[in-house]
Amino acid sequence: EIQRFHRALRLARGDLEQTTGTVSHQFAKELFDIYAVLLSDAELVQSTERMITSQCIAAESAWEETIRNQSLLYRGIEDPILRERALDLRDVGQLVLRHLLDSANYCRVRYPVVLVGHEIFPSHLMNLGKELLLGVYSTSGSPASHTAILARAMGVPMVSGMAHHTFDFPSGTTVAVDGNVGEFYVNPSAETVEQLQQRQSWRQQAMGAVSATEGPI
């Protein structure tokens, strides 16, 4: 089990190196550098190894428990920046679990989508890429989360923190996201779609006007 665990760590590091080498966003590179450090964190690794040996449990169970315990410590910190480390830990935990569970290729989307979920990690955004990611909707998180910051850097609209919304709609349902005003629509009407397209056009024109005024005069 310890050998399986270390193999999963190596594969997760390889995933990070490959992803970091293809991104142009400085924030993403810095964030994934932190992920690489976490994957080599002696406390996380040794705690998992001790649990595997002392409790005779599977590597994935020991790793999940280690990540959960460490995340709870960060969640109790008042500093919002340090609290974000709990999300980073859970994201790193998922990167390793995918290899332990042989599900590393779980996210193979071939057409543009809006990513919807209770908790969206930065690695989810990078796995899809800007070409396939039309928008993001999460019931947890905030505009200051690492996922939200990365979405803005990628130019992808995101709405988060709307816990009152439910996911009682199947995959493939038509949805729309307006990240500027924090609105999320399920099966929007033709009128709503037209209004959203107009807003998008106005914003693109405004951004173009701002870009045209930049630079030396």
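Small disclaimer: the values here were computed from a predicted structure and weren't measured.

Definitions and cut-offs
- In this numbering scheme, every chain counts its residues from 1 along its sequence in written order.
- In view of the model being predicted, local features appear only for residues whose pLDDT reaches at least 70, and side-chain atom pairs are presented and counted only at 80 or more, with totals across whole chains, interfaces and linings using the full set of residues.
- To obtain the side-chain values, all non-hydrogen atoms of the structure were used and water was disregarded.
- Where helices and strands are cited, they refer to DSSP runs of H or I of at least four residues and of E of at least two residues respectively, numbered from the N terminus.
- We call two residues in contact whenever any of their non-hydrogen atoms come within 4.5 Å of each other.
- Note on areas: Shrake-Rupley, 1.4 Å probe, and residue coverage restricted to the protein chains presented here.
- When DSSP locates at least two bridges between a pair of strands, those strands are taken to pair.
- The buried label goes to any residue with under 20% of its type's maximum accessible area, the exposed label to any with over 50%, and the partly exposed label to all in between, with areas taken from a 1.4 Å probe on protein chains only.
- What counts as a ring pair is set by centres within 6.5 Å for rings of Phe, Tyr and Trp (its six-membered ring), and what kind of pair is set by the plane angle: stacked under 30 degrees, edge-to-face over 60, tilted for all other angles.
- The axes used here are C-alpha line fits, helices contributing only the stretch in contact, and every angle between their N-to-C directions lies in the interval 0 to 180 degrees.
- The term salt bridge refers to a pairing of a side-chain nitrogen on Lys or Arg with a carboxyl oxygen on Asp or Glu at a separation within 4 Å.
- Buried residues of nine kinds, namely Ala, Val, Leu, Ile, Met, Phe, Trp, Tyr and Cys, make up a nonpolar core once their side-chain atoms join them within 4.5 Å.

K.L.:
Would you mind showing me how to read the overall build of the protein here?
P.N.:
If you tally the helices and strands in the protein, you get 8 helices and 5 strands. Long-range contacts, defined here as pairs at least 24 residues apart, represent 46% of the contacts in the protein between residues at least 6 apart. Working note: accessible area of the protein is about 12600 Å², and carbon and sulfur atoms make up 52% of it.

K.L.:
It is not clear to me how the pairing of strand S5 (residues 183–186) should be interpreted in this structure. Could you clarify?
P.N.:
Here is the key point about a regular strand: its side chains alternate between the two faces of the sheet. With 4 bridges joining them, strand S4 (residues 175–178) and S5 adopt antiparallel strand pairing. Looking across to S5, one finds that Asp178 is bridged to Glu183.

K.L.:
How should the environment of Ala59 be read in this particular structure?
P.N.:
Positionally, Ala59 belongs in helix H4 (residues 59–75). The class for Ala59 is buried, based on a relative accessible area of 0%. C-alpha separation for the pair Ala59 and Ile2, spaced 57 residues apart in sequence, amounts to 6.7 Å.

K.L.:
How do you make sense of the packing of aromatic side chains when you look at a structure like this?
P.N.:
Remark: the centre distance and the inter-plane angle together describe each pair of aromatic rings, the angle taken between the planes. A complete count under the given rule lists 3 aromatic pairs for this structure. Look at Phe32 and Tyr35: their rings are 5.3 Å apart centre to centre, the planes differ by 65 degrees, and that puts the pair in the edge-to-face class. Taken together, the residues Phe32 and Tyr35, both in helix H2 (residues 26–39) and 3 residues apart, mark about one turn of the helix. Judged by relative accessible area, Phe32 falls into the buried class, the value being 3%. Look at Tyr35 and you get buried, because its relative accessible area is 0%. Arranged with centres 3.9 Å apart and planes meeting at 10 degrees, the rings of Tyr137 and Phe184 form a pair that is stacked. Residue Tyr137 is located in strand S2 (residues 133–138), and its partner Phe184 is located in strand S5; the two are separated by 47 residues in the primary sequence. A relative accessible area of 0% means that Tyr137 is categorised as buried.

K.L.:
What should I look at first to understand the sheet that holds strand S1 (residues 113–117) in this one?
P.N.:
Strands pair in a sheet through their backbones, by hydrogen bonds, and they do so in one of two ways: parallel or antiparallel. Taken in spatial order, the 3 strands make up an open sheet running S1-S2-S3, and their pairing is parallel. Bordering the open sheet on either side are S1 and strand S3 (158–160), each of which pairs with just one other strand. When strand polarity is set aside, the average angle formed by the axes of neighbouring strands in this sheet is 10 degrees. Two elements, S1 and S2, share 5 bridges in a ladder whose sense is parallel. Following the sheet pairing, Val114 is matched in S2 by Gly135.

K.L.:
It is not clear to me how the pattern of salt bridges should be interpreted in this structure. Could you clarify?
P.N.:
Side chains bearing opposite charge may pair, as long as their charged atoms lie close to each other. Scanning the model with the defined rule gives 5 salt bridges in all. Glu1 is paired through a salt bridge with Arg4; the nearest N and O atoms lie 2.6 Å apart. Salt bridges sharing common partners tie together Glu1, Arg4 and Glu60.

K.L.:
I keep staring at the nonpolar core and nothing clicks. Help me out?
P.N.:
Side chains of a nonpolar character, in soluble globular proteins, are inclined to be buried together. One finds Trp63, Val96 and Leu125 to be the most contacted residues of the largest nonpolar core, which totals 39 residues. Excluding residues that lie within four positions of it along the chain, Trp63 makes contacts with Phe5, Leu9, Leu44, Thr48, Val92, Gly93, Val96, Leu97 and Leu100. Residues Tyr137, Phe169, Val175 and Val177 belong to the second largest nonpolar core, which totals 6 residues.

K.L.:
How do you make sense of the environment of Gly182 when you look at a structure like this?
P.N.:
Within the secondary structure layout, Gly182 lies in the loop between S4 and S5. Put simply, Gly182 and Val159 are 23 residues apart on the chain and 5.3 Å apart in space, counted from C-alpha to C-alpha.

K.L.:
I tried to follow the environment of Val186 on my own but got confused; where do I start?
P.N.:
Relative to the helices and strands, Val186 is located in strand S5. Among the residues examined, Val186 registers a relative accessible area of 35% and is labelled partly exposed. Counting along the chain gives 12 residues from Val186 to Thr174, while the straight-line C-alpha distance between them is 6.3 Å. Ignoring sequence-local partners within four residues, the contact set of Val186 consists of Phe169, Thr173, Thr174 and Val175.

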